Structures are given as C-alpha cells and as structure tokens.
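Given next are the chains, with one letter for each unit.
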Amino acid sequence: MLAADASALGLGSDIGGSLRIPALYCGIYSLKPGAGRVSRQGARSLNPGFDAIKMTAGPMGRSVGDVKRLSQVLFSSISANTYEGLAPVPFRDVELPTRLKIGYYFEDGWVRTSPANRRAVQETVEALKGAGHELVEFELPYGPKSIQLFAGLTSGDGYRTLQSPCGDDPIEKNLFLITLGPKLFGWVRNSAAWIIETVIGDRLFGQTLRRSKHSTVAEYWQNSKEMGEMNKEFYESVWEKYEFDAIVAPGMCCPALPHGATRRLSPLANGTFYYNVIDSPVGAIPVTRVDPEKDCLPDDWSAKGKQVGSSILGTGLYGPGGIYNVEKMKGLPVGIQVVGRHWEDEKVLAIMDVIDKALPPRNFGPGSWTPPNESTKK
C-alpha cells in the first residue's frame, strides 16, 4: 500500500523483522525502535506473556522524513510512570558530527548474502565515502547464534500459545519449517540433527534444530542468559571497540522470495533476528533494484572455500533450481539496515537521512510507483 502511494504512513510491530522485511522487499522506509520507546497499548499479541525478545512498534513510510514525523508523535506520546515501564523521553533532535564513523559488513555467517544485497551495502559504503565519512569493515560476532537463541526462546512452549488462535483450522504452510522442531519426538529431532550435522555436514542447521523444542524452565533461563551475554559481548566487541556512530548491514540475504518459498526457507531472516536478540534500533532504507547484469552469481560462487553458513539453506537459495534468480527478480527493491545503539533511535533516523541523501536518485519514495503493464501481468 505504501509503495503504491495508496497510504501515507504505516504502523507495525517487530519481534523478528516484521517492520523491516516488508519495507526492504517493497522499497519503502521503516524504523524498528529499541524496546522502551513506544507504547504497546492497544496492540494485540499472538503470544501474550512472552517477553524474552521484546516486540516493538514502529513506523513505516515512503521517505525518511515520513518515518521521522511518525516517530516524533510516537516517542512524545508516552507519559511518565506508565505501567509498561517505558522511558518518559520525548523525541530528541540530535546533532551529528560532520564526519561519521560507520561500520559495515556483508555476511552474518548464517546464509551467504546474495550479489544483489552485497551490492546494496557496497553502493552505500561508496556513497558515504564520497560524502567524506569514515567507513570501517568489520566481522559480525556470533552471527548464527542469534537464530539459535531466537528458535530456542520462541519455541519454549512448542508454539502452543502462538498457534492457539487457529483452533482446529490448518496452520499456514509457510510456518511448517519454523514450527517443526517441537512437533518431533526428542529422539527423532536429535537423530535428524545428528544426520544433518555429520552426514550432510550442516552443523549450523543441525544446532538450530536442536534448539527448536519444548524447553524446561532451566533451559529457557539458559537461553535468556546466553542472550544477555551475546548482547554484552556485542557492545564490547563492536560499539566500544570501534566507537561507530552506526552500522550499515545487509537488509536480508536475498531480495523478496516468491510466494510459497518460505515453506522451506523461513529461517533466512537471521539478518533481522539478530537485532531483535540484542535489542537495537534499526532503520530500513531502499538502495537499489535487482539488475541481472550486475547481480548474477559469479562463476566461482560454489567453489570450495567460498561457502558461508548453512549448506541446506544455501543450496535452497543458490543451488540448482534455487530461489535466487536475477531474471525473475529483475527490478525488485534491495535495501540495507542502519543500526544504532540502544536509546539512540533519533540518531539512527538522522543517519538514515544522511545515507538517503548521499545515495544518488534511485526512484524510491512518493510518486515513484509505476503500475505494471499488461505484459507484466501476464
């Protein structure tokens, strides 16, 4: 609706990427605030009582300015001493340094980032360098750990509460893989994980499957403890070590998937899960569109030593008959994430504006949508 100019603003929620993924796939802008900035009053949760990974509400719009305006309203609408325990901090204007120090990376270690999504990061980096800012590449710590913790925490009750509103109705087929683990007997799940790890050789996928199960209280507490440790280590090894103003990250590992593809590729969203697990404010910005001449897989893509992350998901995405097809994906939007420290939501918005202006005109924003012609419909 937003991308087609049928709506001016949108409001959504995000516990694993639900604000950012639609924005990235549709070529619009969004902000996932950090926890504690926006009230959840009036919002209904499908998993009431689950607060290990905090759901946050945030804005979507057709420009950084639109997202900022709605953020001003949301952040300034919180009264002091509410039962939610939110910080009574209204929207704050920030003054950025003339020369920003921004970190960036191309891979999170879970599934290899597609050429199109790598190009979006690279073009952003080059645009910011051209504007006089300092860009530093770094390696993301504990990349696959986030999806393992996400799976372990969200599956704690076997997804019973999450699926309870469905009653006897069939569950959406795209949820099959992500909800499979708790449905299996423990010996079946562990045997399948062992085969995946030792026979197929996909250690990451196997470890994640082991985590996706009914948890004891002690196991749930252990997952929560590890999440806190991951958050602390991220701040120490990234924010404190490099003193970045922000981080530029791939939005997703690939452009929008065709309908039905998430039945077997739903775990691809680790790139967004990561910043829910460590609770960071994150913005989404459209950068470019898939170009078959620039974004096809290089000849050495499958060469030994080039593989990154889960081989099962990598094969489903890039192997024979894989989802990543630049001809079919031609013209799809590709974006980036802009990450900040907790409580620096306004700074993220300000840096989003700097990035948006540093990038060349690229046919996103109000009035940019072109209805498909008849040949495209066919």
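For the structure itself, consult the block above.
Per chain, residue numbering runs from 1 following the sequence as it is written. Reporting of local features is limited, given that this is a predicted model, to residues whose pLDDT is at least 70; pairs of side-chain atoms are given and counted only at 80 or more, and all residues count toward the totals for whole chains, interfaces and linings. Hydrogens and water molecules were not included; the side-chain quantities draw on all heavy atoms of the structure.

### Observations regarding the pairing of strand 2 (residues 29–32)
If a strand is regular, its side chains alternate between the two faces of the sheet. Alternating positions in strand 2 separate into two faces, Tyr 29 and Leu 31 on one and Ser 30 and Lys 32 on the other, with burial throughout. Of the strand pairs in this sheet, strand 2 and strand 3 (residues 56–61) are connected by 2 bridges, and their pairing is antiparallel. Its bridge partner lying in strand 3, Ser 30 is registered against Met 60. Where strand 2 and strand 7 (residues 282–289) come together, 3 bridges link them in antiparallel fashion. Its bridge partner lying in strand 7, Leu 31 is registered against Gly 283. For every residue, the accessible area obtained with a 1.4 Å probe (protein chains only) is divided by the maximum for its type, and the residue is called buried under 20%, exposed over 50%, and partly exposed between those limits. Numbering of helices and strands runs from the N terminus, with a helix taken as a DSSP run of H or I at least four residues long and a strand as a DSSP run of E at least two residues long. Strands are treated as partners if at least two bridges between them are detected by DSSP.

### Considering the environment of Gly 322
Looking at the element boundaries, Gly 322 is found in the loop between helix 12 (311–318) and strand 8 (333–339). In the structure, Gly 322 is positioned 129 residues away from Ala 193 in sequence and 23 Å away in space, judged by C-alpha atoms.

### Quick word on the packing of aromatic side chains
Pairs were defined over the aromatic rings of Phe, Tyr and Trp, the Trp ring being its six-membered one, requiring ring centres within 6.5 Å. Orientation was assigned from the angle between planes: stacked under 30 degrees, edge-to-face over 60, tilted for the rest. What the rule picks out here adds up to 15 aromatic pairs. When the ring of Phe 234 is compared with that of Trp 239, the centres are 6.3 Å apart and the planes differ by 80°; the resulting orientation is edge-to-face. Between Phe 234 and Tyr 274, the ring centres sit 5.8 Å apart and the planes meet at 65°, which makes this aromatic pair edge-to-face. Taken as a pair, Phe 234 in helix 8 (residues 217–242) and Tyr 274 in helix 10 (residues 270–277) lie far apart in primary sequence, 40 residues in all. By relative accessible area, Tyr 274 is classed as buried at 1%. Linked through ring pairs, Phe 234, Tyr 235, Trp 239, Tyr 274 and Tyr 275 together constitute an aromatic cluster. It is Arg 112 that lies over the ring of Trp 301; its NZ or CZ is 3.6 Å from the centre. Lying across the ring of Phe 106, Arg 118 places its NZ or CZ 4.4 Å from the centre. Lysine and arginine charges are scored as sitting over a ring when NZ or CZ, respectively, is within 6 Å of the ring centre and within 35 degrees of the ring normal.

### A closer look at the pattern of salt bridges
Oppositely charged side chains are able to pair whenever their charged atoms sit close together. The term salt bridge refers to a pairing of a side-chain nitrogen on Lys or Arg with a carboxyl oxygen on Asp or Glu at a separation within 4 Å. Scanning the entire structure with this criterion turns up 20 salt bridges. In this structure, the salt-bridge partner of Asp 14 is Arg 20, at a minimum N-O distance of 3.0 Å. In this pair, the class of Asp 14 matches that of Arg 20, namely buried. The partner of Lys 54 in a salt bridge is Asp 51, with the nearest N and O atoms 3.1 Å apart.

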